[in-house]
Structure formats: structure tokens, C-alpha cells
Amino acid sequence: MSTPEHQPRTYLVTGAASGIGRATTAYLRAQGHSVIGADLAGTDISADLATPEGRTQLVHRAHELTGGRLDAVIAGAGLAHFDPRTVQVNYFGAVATLEGLRPLLAAGTDPRAVLISSVASIHPADQAIVDAALAGDEEAAVAAAQAAIDRSEGYAIYGASKQAVTRWLRRTAASDDWAAAGIPLNAVAPGTTVTPMTEPMLADPAIRKVVDTSVPMPLHGHARPEQVAPLLAWLTSPENTHVTGQIVFVDGGADAALRGDEVW
């Protein structure tokens, strides 16, 4: 007889059409779990998480497809464009996903949630973007992102969005709605992972050199999405009983190389 830890579970994964989201969806389905994928297109739910309408659509369709219960959510949708949409998806889309689906998790069995952060979350960030995001002011965050672009600093938007969503997680995970309700909430922070989002950058030798300097990965170099998926699966499994509010770096040692013995 199978143990409760190995019973099939119902997952919802955003960003499921490519990269880490796609690899994780495939991994979970291979383990016998039911996975509802969400992305712009080509998945069970089509929703643009850069928009309030798309976020509402995601939650509405999730209710319809699950009957109002989920066992786990992986908020994996993300962008790395020099565009305000990056903060809209990476912060506001992720937060809306987790907050909007939390009632479905509360109705699930051994509910768990994880979001995708990044090693970029520990880099210096555009504080105007971070502060506006954490204040829940999407209009101000978009304006701050556009200001960064106007200063030729559009590259700063991605890191700021990931720092903001990571800080949101740290503020939120121990709250009554999450930890006290029995729902672990964590983040996985990959280093450089070879996905459709990063492949164009890595194909340019000059940009690749900048990437490898800012994100040194002494253990095995760049990761593949399939190498991140098992950790996401464990964090959202019943075996994870006490890990919450944590940012788990899957970065080949980049965090240690960049920050040494500094602690959070």
C-alpha cells in the first residue's frame, strides 16, 4: 500500500509552457500527479499575469478546473525583459497567484506553495521599484521601472522584481494565512539556468561573460530546468513539514561565492 506521501496530488504551475515551469510540470506528471499548467498560451489556463484581468482569469479558471481545492501551487511565471511588464509579472503576478489561490490550498491536502526567485535577488536593486512593489502600488512600480529604462538601466528591473517578491515571501510565510494555516511558503532561487529566457543572452559571448561574472557558478556551471524541478517537487510535497519562509539557492555556489559568510 502506498504511503500518504506518495498519493497523487493536484498542482497548479504558472509559467508551465517553458523553462523551469515546463520541466517541473513534466516531472510532477511523471510522478503520477495531476498538474494544471498556466501560461500565456498552450496550457490548461491561458492568462496574462502582467494584467489584473489575467490574474483574475487565472484564479477563476483554477476554481473551475479544480472544484475549489489544490494541494500545491508553484508560481513559476517570470520575465527578464527591459520592460515594466517584468515587475508586473514577477512581483504582482506572483503575489496575485499565491494570494488568489491560497483559499484553494486551504481546502487541499497537505497544502504547499513555492515561488521562483533568483540569485539576482541578492544583487543591489533599484529601491524605487522594490519599495513601490512592496507597498502594493503597481502604478508606481511601473513608473519606477520605466524611469530605470529611461536612464538606460532597464537591466535593473529583473533583480528588483525578484528582490521584492523574495522580501514579500519573508514577510508573509509566517503569517496566520500561511504558516498558522499549515501552508509552507518558500522560494527557490536559481542561478543561471539555460531556458528560452536566457539562451539568447548566453549565446552572445560578451553578454555570457558578464552573466558568468555576476553569477559565478563553481559547481557544475549553468543549470538545466530539469535539475531544478526535483527541489520544487520536494518543497511542495507532504515530506516538507517545517521548511517555510526560506529562499533555497539552486545556484551552483553563486550565493556563497558572492556573499561569503554573510548571513541573511
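As a reminder, the structure under discussion sits directly above these lines.
Reading guide: rules and limits
Residues numbered from 1 in each chain as written. Predicted model: local features only at pLDDT ≥ 70, side-chain atom pairs only at ≥ 80, totals over all residues. Heavy atoms only, no water. Helix = DSSP H or I, 4+ residues; strand = E, 2+ residues; numbered from the N terminus. Rg over C-alpha atoms; globule rule 2.2 N^0.38 Å. Buried < 20%, exposed > 50% of the residue type's maximum accessible area, 1.4 Å probe, protein only. Areas by Shrake-Rupley, 256 points an atom, 1.4 Å probe, with all protein chains shown as cover. Lys, Arg positive; Asp, Glu negative; His and termini not counted. Charge placed at Lys NZ, Arg CZ, Asp CG, Glu CD. Salt bridge = Lys/Arg side-chain N within 4 Å of Asp/Glu carboxyl O. Pairing = 2+ DSSP bridges. Axes fitted to C-alpha atoms, helices over the stretch in contact; angles between N-to-C directions. Parallel < 35°, antiparallel > 145°, perpendicular 65-115°, else oblique. Left-handed = near helix turned anticlockwise from the far one by under 90°. Contact = heavy atoms within 4.5 Å. Nonpolar A, V, L, I, M, F, W, Y, C, P; charged D, E, K, R; others polar. Right-handed = clockwise from strand over helix to strand, strands pointing away.

A few words now on the overall build of the chain. Regarding its fold elements, the chain presents ten helices and seven strands. In terms of overall size, the chain behaves like a compact globule, its C-alpha atoms giving a radius of gyration of 18 Å where 264 residues would be expected to give roughly 18 Å. Expressed as lengths along the three principal axes of its C-alpha atoms, the size of the chain is roughly 55 × 40 × 35 Å. The proportion of buried residues among the 264 residues of the chain is 52%. Put simply, the chain shows about 11,900 Å² of open surface, and 55% of that area lies on carbon and sulfur atoms. The averaged location of the 28 negative side-chain charges in the chain is 4 Å from the averaged location of its 18 positive side-chain charges.

Further remarks concern unusual backbone geometry. Only a minority of non-glycine residues have a phi that is not negative, and only a minority of peptide bonds are not trans. One non-glycine residue with positive phi stands out, namely aspartate 110, at about 45°. As for its placement among the helices and strands, aspartate 110 is situated in the loop between helix 3 (85-106) and strand 5 (112-116).

Now for the pattern of salt bridges. As enumerated under the stated definition, the model contains eight salt bridges in all. Across the pair aspartate 48 and arginine 85 runs a salt bridge whose closest N-O atoms are separated by 3.2 Å. Of this pair, aspartate 48 sits in the loop between strand 3 (45-46) and helix 2 (52-66) while arginine 85 sits in helix 3, and the two are 37 residues apart along the sequence. The partly exposed category is assigned to aspartate 48, whose relative accessible area is 23%. A residue is classified by how much of its surface remains accessible, and arginine 85, at 30% relative accessible area, is partly exposed.

The subject of this paragraph is the sheet that holds strand 5. Strand order in the open sheet made by the seven strands is 3-2-1-4-5-6-7, with parallel pairing throughout. Looking at which strands have only one partner, the edges of the open sheet turn out to be strand 3 and strand 7 (247-250). Alignment of strand 1 (residues 10-14) against strand 4 (residues 72-75), held across four bridges, turns out to be parallel. Paired with leucine 12 across the bridge in strand 4 is valine 73.

Running from N to C, helix 3 and helix 6 (residues 156-172) point in directions that differ by 20°, and their axes come no closer than 7 Å. Accordingly, the angle class assigned to the pair helix 3 and helix 6 is roughly parallel. As helix 3 runs across helix 6, the sense of the crossing is right-handed. Counted together, Thr86, Val87, Asn90, Tyr91, Ala94, Val95, Leu98 and Glu99 of helix 3 and Ile157, Tyr158, Ser161, Lys162, Ala164, Val165 and Trp168 of helix 6 form the full contact between these two elements. For the contact of helix 3 with helix 6, the per-class residue count stands at ten nonpolar, three polar and two charged.

Now for the packing of helix 4 (residues 127-134) against helix 5 (residues 138-150). Where helix 4 meets helix 5, the closest approach of the two axes is 8 Å, and the angle between their N-to-C directions is 170°. Here helix 4 lies roughly antiparallel to helix 5, going by the angle between them. In this structure, helix 4 uses Ala128, Ile129, Ala132 and Ala133 to contact helix 5, whose residues at the interface are Ala140, Ala141, Ala144 and Ala145. Each residue belonging to the contact of helix 4 with helix 5 can be placed in one class, and the counts come to eight nonpolar, no polar and no charged.

Bringing the pairing of strand 1 into the picture now. Of all five residues making up strand 1, five are buried, and the element is well covered by its neighbours. By the alternation rule, side chains of strand 1 split into Thr10, Leu12 and Thr14 and Tyr11 and Val13, which are all buried. Looking at chain direction, strand 1 and strand 2 (residues 34-39) are connected through five bridges and run parallel. Following the sheet pairing, valine 13 is matched in strand 2 by glycine 37. For the handedness criterion, the β-α-β arrangement of strand 1, helix 1 (residues 19-30) and strand 2 is classed as right-handed.

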